[in-house]
Amino acid sequence: MEIYKTKQEVNNRINELKKQGKTIGFVPTMGALHEGHLSLIRCSKRDNDITVVSIFVNPTQFNDPKDLERYPRMIDKDIEKLEAEKVDILFAPDEKEMYPEPDTRQFDFGYLDKILEGKHRQGHFNGVAQVVSKLFDIIPATRAYFGKKDYQQYLIMRELVKRYMQHLDIEIIPCPIIREKDGLAMSSRNLLLSPEQRKSAALISQTLFRAKELTNMMSVGELKQFVVDTINQNPHLKVEYFEIADAETLLPIENWDEAKEKIGLIAVYCGEIRLIDNIEFN
Ligand code: AMP
């Protein structure tokens, strides 16, 4: 695997490969890699000649300094995993390389960045847009892969390309959520849970799966209440939000017939660790 730490070097290499007619798949990550990340890499390898992964814990997308400080970092282990997947190129810059000066750009995604994660994590999506727009300019890929685990982020990435990156021709490809055996959506933050919290966290996805079975029997309002009450009964868990929305627009719905594709999106505190998940109801 080729490893680059500077923008210039990786950009030169990508342009060289593109000149040779190679298609480039790009998987941006913050490291502490798990099967969720590896599934995106496998999708990219299936679709493209060359697969590029980036690892960068982006400070501007953390609205909580404690969350940034305790975010797991394990570059050596990550490199081993990427080698095993036969990734072609890793871009692993440091903070100075990505932000030689503070990024003051403000992105506007309309309604999409003001709700759900956008509402509860002020500035989060602006930070994501800052880093991903830089990464896309450095690595002008053919396709970029994002997990539906971060569903709202995936929709915002589509919007980022449409609104701000018309000079590039990057296709955003969504990939399914990868889960642990007990259903918990894989996340680097799961490493921060105590054994007791980890056990409790399985209730989040299990409740979402149950909710999917109940859509014919309950109104939207009743189902929302069911999910919140069931999860909050566990002493380790506290629901921050659960919303049922149109999966295309993320506009909340009040009746099942208001949208064709429907999705339930949730954020839950498990102790101090904030976890997100979602379920598509169709
Ligand atoms: P992160 O390192 O958390 O920023 O995630 C990098 C990419 O991996 C994002 O596109 C995430 O949506 C995706 N991802 C993280 N966890 C999962 C998962 N459990 N299943 C599928 N994709 C995931």
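Residues numbered from 1 in each chain as written. Predicted model: local features only at pLDDT ≥ 70, side-chain atom pairs only at ≥ 80, totals over all residues. Heavy atoms only, no water.

1. Some details on the overall build of the chain
Right, so step 1: Across its full length, the chain carries ten helices and nine strands.
Right, so step 2: A compact globule built from 282 residues would reach a C-alpha radius of gyration of about 19 Å, and the chain, at 19 Å, matches this within 12%.
Right, so step 3: Projected onto its principal axes, the C-alpha coordinates of the chain cover approximately 55 × 40 × 35 Å.
Right, so step 4: Here the chain holds 282 residues, and the buried ones make up 54% of them.
Right, so step 5: Sequence separation of 24 or more characterises 72% of the internal contacts of the chain that already satisfy a separation of 6 or more.
Right, so step 6: Summing over all exposed atoms, the chain offers an accessible surface of approximately 13500 Å²; the carbon and sulfur share of this is 49%.
Right, so step 7: If the 39 positive side-chain charges of the chain are averaged to one point and the 45 negative ones to another, these points end up 2 Å apart. (Helix = DSSP H or I, 4+ residues; strand = E, 2+ residues; numbered from the N terminus. Rg over C-alpha atoms; globule rule 2.2 N^0.38 Å. Buried < 20%, exposed > 50% of the residue type's maximum accessible area, 1.4 Å probe, protein only. Contact = heavy atoms within 4.5 Å. Areas by Shrake-Rupley, 256 points an atom, 1.4 Å probe, with all protein chains shown as cover. Lys, Arg positive; Asp, Glu negative; His and termini not counted. Charge placed at Lys NZ, Arg CZ, Asp CG, Glu CD.)

2. Considering the sheet that holds strand E6 (residues 171-175)
Right, so step 1: Taken in spatial order, the six strands line up as E1-E4-E3-E2-E5-E6 in an open sheet, and their pairing is parallel. Both edges of this open sheet fall to strand E1 (2-4) and E6, since each of them pairs with a single strand only. Taking each pair of neighbouring strands and ignoring which way they run, the sheet shows an average axis angle of 25°.
Right, so step 2: For strand E5 (residues 143-147) and E6, the ladder comprises five bridges, and the chain directions are parallel. (Pairing = 2+ DSSP bridges. Axes fitted to C-alpha atoms, helices over the stretch in contact; angles between N-to-C directions.)

3. Comments concerning the packing of helix H7 (residues 124-138) against helix H8 (residues 151-164)
Right, so step 1: Following both chains from N to C, one finds H7 and H8 inclined at 50°, their axes separated by 11 Å at the closest point. With respect to each other, H7 and H8 are oriented oblique. Where H7 crosses over H8, the handedness of that crossing is right-handed. Facing Phe125, Val128, Ala129, Val132, Ser133 and Phe136 of H7, the residues of H8 in contact are Gln152, Gln153, Ile156, Met157, Leu160 and Val161. (Parallel < 35°, antiparallel > 145°, perpendicular 65-115°, else oblique. Left-handed = near helix turned anticlockwise from the far one by under 90°.)

4. Digging into helix H2 (residues 35-47)
Right, so step 1: Under the 1.5 Å per step criterion, the end-to-end length of H2 is 18 Å for 13 residues, consistent within 8% with the ideal 18 Å.
Right, so step 2: Of all the residues in H2, the buried ones are Gly36, His37, Leu38, Ser39, Leu40, Ile41, Cys43 and Ser44.
Right, so step 3: Structurally, H2 contributes buried residues whose contacts are with strand E2 (24-29), strand E3 (50-55), helix H4 (75-84), E5 and E6. (Expected span 1.5 Å × (residues − 1).)

5. Let's talk about the pairing of E2
Right, so step 1: Burial runs high along E2: six of the six residues are buried.
Right, so step 2: Burial along E2 is two-sided: the residues Ile24, Phe26 and Pro28 and Gly25, Val27 and Thr29 are all buried.
Right, so step 3: Alignment of E2 against E3, held across six bridges, turns out to be parallel. Residue Pro28 lies in a different strand from E3, and its bridge partner there is Ser54.
Right, so step 4: The parallel pair E2 and E3 is bridged by H2, and the resulting crossover is right-handed.
Right, so step 5: Note: E2 against E5, two bridges, orientation parallel. Residue pairing across strands places Gly25 opposite Arg143, the latter belonging to E5. (Right-handed = clockwise from strand over helix to strand, strands pointing away.)

6. Some thoughts on the domain arrangement of the chain
Right, so step 1: Here the chain is partitioned into domain 1 (2-175) and domain 2 (188-274).
Right, so step 2: Here domain 1 and domain 2 have C-alpha centroids that lie 26 Å from each other.
Right, so step 3: Between domain 1 and domain 2, roughly 1700 Å² of surface is buried when both sides are summed, and carbon and sulfur atoms account for 56% of that area.
Right, so step 4: Counting every contact that joins domain 1 to domain 2 gives five salt bridges.
Right, so step 5: With a shortest N-O distance of 3.0 Å, Asp67 and Arg189 are connected by a salt bridge.
Right, so step 6: For the pair domain 1 and domain 2, the number of links is eight residue pairs in polar contact (both at pLDDT 80 or more).
Right, so step 7: Breaking the side of domain 1 that touches domain 2 down by element, the ones donating at least two residues are helix H3 (65-70), helix H6 (117-120) and H8.
Right, so step 8: Broken down by element, the residue count for the side of domain 1 that touches domain 2 peaks at four residues, all from H8.
Right, so step 9: A breakdown of the residues in the side of domain 1 that touches domain 2 according to their chemical character gives eleven nonpolar, five polar and six charged. (Domains from an automatic or database assignment. Buried area = accessible area lost by both parts, 1.4 Å probe. Salt bridge = Lys/Arg side-chain N within 4 Å of Asp/Glu carboxyl O. Polar contact = N/O pair within 3.5 Å; in protein donor to acceptor, adjacent residues only side chain to side chain. Nonpolar A, V, L, I, M, F, W, Y, C, P; charged D, E, K, R; others polar.)

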